[in-house]
Amino acid sequence: MAPIPGSGLAKGLAVTLRTMTKKSVTAQYPDTQPDLPPRTRGVIGLFEENCTVCMLCARECPDWCIYIDSHKETVPAATPGGRERSRNVLDRFAIDFSLCMYCGICIEVCPFDALFWSPEFEYAETDIRELTHERDKLREWMWTVPAPPALDPGAEEPKELVTARKTADKLAAQQAPPVTEQHADEQARAAEQPTRPQGDSKQQTDQPKPDEPKPDEPKPDQPKPGQPKPGQEGSE
């Protein structure tokens, strides 16, 4: 069916009429802060402990606004007879936000999750040179990074948490005192013995109840051997 001529114009005018009747709301910034989405691209924060100086972020940046300096240090062998290792130590990590176009490529290519988006955007400066944030300033932005969203109920647990839990359990098992064979036998014997109710002892269970006569003593209604029954005394 062909559209009716002028239907598009009528729909547009209907939207205009609906908005004309509504009251406009103006946010009085900076007195009223905007309610930004959690994934807003405001400024980039650096988690320095995760940075391995792989230089991927600096090489992939299309604006070349990331500056990284580092040096190598020798790490002694962890075990006797092992080989020494060398690792990169971060000296400088800076981002020039006067050149950054907020594409997020550096955050996406980081293999160790060292860069994060922060929704903070109030970092304007009167001097353009102040827009180059060094690693100390980038570390301060990390405190403004929102927490990641919660996982779905059926999602798998992150591998990092599983690895950390296994490592903690292994260390706890190593620090626990060793269980000797004699101690293990005592625990097994204690588990095999039946448990008694609290407050009852073997001495209490072996003693007869006060209402019940002992097996060797005659009952109160029965006479002792050699004595006449209660009804036979007068007949004699």
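In case you missed it, the structure is sitting above this.
Here the residue numbering is sequential within each chain, running from 1 through the sequence in written order. Two thresholds apply to this predicted model, a pLDDT of at least 70 for residue-level local features and 80 or more for giving and counting side-chain atom pairs, whereas whole-chain, interface and lining totals are computed over all residues. The basis for every side-chain value is the complete set of heavy atoms in the structure, and neither hydrogens nor water enter the calculation.

Visitor: Would you take a moment to explain the overall build of the protein chain for this structure?
Guide: Under the scheme used here, helices are H or I runs from DSSP no shorter than 4 residues and strands are E runs no shorter than 2 residues, and both carry numbers assigned from the N terminus. The helix and strand tally for the protein chain stands at 7 helices and 5 strands. When the helices and strands of the protein chain are read in sequence order from the N terminus, they spell out α-β-α-β-β-α-β-β-α-α-α-α. We call a residue buried when its accessible area falls under 20% of the maximum for its residue type, exposed when it is over 50%, and partly exposed in between, using a 1.4 Å probe and counting protein chains only. Here the protein chain, with 236 residues, has 15% of them falling under the buried criterion. Residues count as neighbours in contact if any of their non-hydrogen atoms are within 4.5 Å of one another. Within the protein chain, residue pairs in contact and separated by at least 24 positions form 72% of the contacts whose partners lie at least 6 positions apart.

Visitor: Is there a simple way to explain the side chain of Thr40 in this structure?
Guide: Structurally, Thr40 is set in the loop between helix H1 (7-20) and strand S1 (43-46). A polar contact of 2.6 Å, which involves the side chain of Thr40, links it to the backbone oxygen of Pro37. Ignoring sequence-local partners within four residues, the contact set of Thr40 consists of Trp117, Ser118 and Pro119. Any pair of N or O atoms that falls within 3.5 Å is considered a polar contact. Within protein, one atom must be able to donate a hydrogen and the other to accept it, and sequence-neighbouring residues count only if both atoms are side-chain atoms.

Visitor: Which parts of the structure should I look at to understand the pattern of salt bridges?
Guide: Should their charged atoms come close, side chains of opposite charge can pair. The rule for a salt bridge is simple: a side-chain nitrogen of Lys or Arg has to be within 4 Å of a carboxyl oxygen of Asp or Glu. A complete count under the given rule lists 7 salt bridges for this structure. As a salt-bridge pair, Glu73 and Arg87 come within 3.8 Å of each other at their nearest N and O atoms. Of this pair, Glu73 sits in strand S2 (residues 66-75) while Arg87 sits in strand S3 (residues 85-96); the two residues are 14 residues apart in sequence, bridging distant segments of the chain. By relative accessible area, which is 33% here, Glu73 ends up partly exposed.

Visitor: Before we go on, may I ask you to explain the side chain of His133 in this structure?
Guide: With respect to the secondary-structure elements, His133 resides in strand S5 (residues 132-133). Apart from the residues within four sequence positions on either side, His133 is in contact with Val43, Phe93, Ala94, Ile95, Phe97, Tyr123, Leu138 and Trp141.

Visitor: When you look at the sheet that holds S3 in this model, what are you seeing that I'm missing?
Guide: Hydrogen bonds along the backbone pair up the strands of a sheet, which may run parallel or antiparallel. For two strands to be treated as a pair, DSSP must find at least two bridges joining them. As summarised here, the arrangement of the 3 strands in space is S2-S3-S5, forming an open sheet in which the pairing is antiparallel. Among the strands making up the open sheet, the edge pair consists of S2 and S5.

Visitor: Sorry, what's going on with the nonpolar core here?
Guide: Within soluble globular proteins, side chains that are nonpolar tend to cluster in buried spots. Among the nonpolar cores identified, the biggest contains 25 residues, and Ile44, Ile66, Ile68, Phe93, Ile95, Phe97 and Leu115 are the most heavily contacted of them. Every element with two or more residues in this core is listed here: S1, helix H2 (56-60), S2, S3, helix H3 (105-109), strand S4 (115-118) and helix H4 (135-141). If we skip the residues at most four places from it in the chain, Ile44 touches Ile95, Phe97, Cys106, Ile107, Leu115, Phe116, Trp117, Leu138 and Trp141. Each nonpolar core is a collection of buried residues, namely Ala, Val, Leu, Ile, Met, Phe, Trp, Tyr and Cys, held together in the definition by side-chain atoms within 4.5 Å.

Visitor: It is not clear to me how the layout of surface pockets should be interpreted in this structure. Could you clarify?
Guide: Any empty space left between the atoms is revealed when a probe the size of a water molecule rolls over them. Cavity and pocket criteria rest on a 1 Å grid covering protein atoms alone: a 1.4 Å probe that fits but cannot get out defines a cavity, protein on both sides within 12 Å along at least 5 of 7 lines defines an open pocket, and an atom within 4 Å of a point defines a lining residue. Grid points are joined across faces, edges and corners, and a volume is the space filled by probe spheres set on the points. Approximately 650 Å³ is the volume found for the largest pocket. Together, 16 residues line the largest pocket, and Arg39, Ile107, Phe116, Trp117 and Val145 are the ones closest to its centre. If you list the elements that add at least two residues to the lining of the largest pocket, you get H3 and S4. By residue number, the principal contributor to the lining of the largest pocket is S4, which donates 3 residues. Across the lining of the largest pocket, the residue classes tally to 11 nonpolar, 1 polar and 4 charged. Polar here means any residue outside two lists: the nonpolar Ala, Val, Leu, Ile, Met, Phe, Trp, Tyr, Cys and Pro, and the charged Asp, Glu, Lys and Arg; Gly therefore counts as polar.

Visitor: Just checking my understanding: could you explain unusual backbone geometry for this structure?
Guide: Cis peptide bonds are those with omega within 30 degrees of zero, and the linkage from Tyr29 to Pro30 qualifies with 10°. Although it is not a glycine, Tyr102 adopts a positive phi angle of roughly 60°. With respect to the helices and strands, Tyr102 occurs in the loop between S3 and H3.

Visitor: I'm lost on the environment of Leu56 in this one. Help?
Guide: Among the structural elements, Leu56 can be located in helix H2. For Leu56 and Cys106, which are 50 residues apart along the polypeptide, the C-alpha to C-alpha distance reads 7.6 Å. Residues within four places of Leu56 in sequence aside, it is in contact with Val109 and Pro111.

Visitor: What is the right way to look at a nonpolar patch on the surface in this model?
Guide: Among the surface-exposed residues, Tyr29, Leu36 and Phe121 lie close enough to one another that they form a single nonpolar patch of about 270 Å² accessible area. Inspection of the secondary structure puts Leu36 in the loop between H1 and S1. By relative accessible area, Leu36 is classed as partly exposed at 33%. Exposure above 30% relative accessible area and the lack of any salt bridge qualify a residue for a patch; like charges then connect within 9 Å, and the nonpolar side chains Val, Leu, Ile, Met, Phe, Trp and Tyr within 5 Å. Every accessible area reported is derived by Shrake-Rupley at a probe size of 1.4 Å, with residue values counting cover from the shown protein chains alone.

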